[in-house]
Amino acid sequence: MKVLVLYVNSFSYQPKEKNLEDAPEPNPGESFEDSILAFIQVEESDEEKDLKSREKKLVNHIKWTSRKNNTKNIVLHSFAHLSESKASASFTKELFDAAQTRLENADYSVAQTPFGYFLDLKIDAPGSSLARIWASL
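Computed from a prediction, not measured in an experiment: that's the story for all the values here.

Enquirer: How would you explain the pattern of salt bridges if you had to name every residue and give the values?
Expert: Two side chains bearing opposite charge may form a pair once their charged atoms approach each other closely. For the structure shown, the criterion picks out 6 salt bridges. Taking the shortest distance from any N to any O, the salt bridge between Lys-2 and Glu-43 comes out at 3.5 Å. Placement of the pair is Lys-2 in strand β1 (residues 2-18) and Glu-43 in the loop between β2 (30-41) and α1 (51-68), with a sequence separation of 41 residues. Per residue, the accessibility class of Lys-2 equals that of Glu-43, and both read buried. A single salt-bridge network, built from bridges that share partners, covers Lys-52, Glu-55 and Arg-102.

Enquirer: Before we move on, can you summarise α1 with the specific residues and values?
Expert: Between its terminal C-alpha atoms α1 stretches 26 Å, which fits the 26 Å expected from 18 residues at 1.5 Å a residue. Of the residues making up α1, those classed as buried are Leu-51, Arg-54, Glu-55, Leu-58, Val-59, His-61, Ile-62, Thr-65 and Ser-66. Viewed along the axis of α1, the buried residues span an arc of 160°, placing them on a single side of the element. For α1, the exposed residues lying more than 90 degrees away from the buried face are Lys-52 and Arg-67. Residues of α1 that are buried sit in contact with β1, β2, β3 (73-78), α2 (89-105) and β6 (132-136). At the N-terminal end of α1, a side-chain oxygen is found 3.0 Å from the backbone nitrogen of Lys-52, two or three residues along, and the residue is Asp-50. Within two residues after α1, Asn-70 carries a phi angle of roughly 55°, on the positive side.

Rules behind the numbers
Residues numbered from 1 in each chain as written. Predicted model: local features only at pLDDT ≥ 70, side-chain atom pairs only at ≥ 80, totals over all residues. Heavy atoms only, no water. Salt bridge = Lys/Arg side-chain N within 4 Å of Asp/Glu carboxyl O. Helix = DSSP H or I, 4+ residues; strand = E, 2+ residues; numbered from the N terminus. Buried < 20%, exposed > 50% of the residue type's maximum accessible area, 1.4 Å probe, protein only. Expected span 1.5 Å × (residues − 1). Arc of directions from axis to C-beta. Contact = heavy atoms within 4.5 Å. Polar contact = N/O pair within 3.5 Å; in protein donor to acceptor, adjacent residues only side chain to side chain.

Shown next, in the form of structure tokens:
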């Protein structure tokens, strides 16, 4: 799994194009402030491991970055451009949902961008030391 985490002053998106045939209808778009925006690529090799272990690694990394940036607001975004390897859409969505539940149970405010869509993005991210963190988990 590859993860690029950005601390953002503000982030917004609007769905533009469906790229998974069975994706549900998305909301018209949302905006967030003072958040961790996690661009996540789940890889094929992640499916060989148990979902719980992958979820725990992802959640621990996101919690660490949120502590470093003093926020409890998280946005999970599926971003299949960090690696050549891709997990199945169903495994990826299951991992995102499990991570969201675990984070919410730890008192984080969590959202996911619409799964299965290309989005227009607006990102305002400061240029501070821990505002951009890449990891291979």
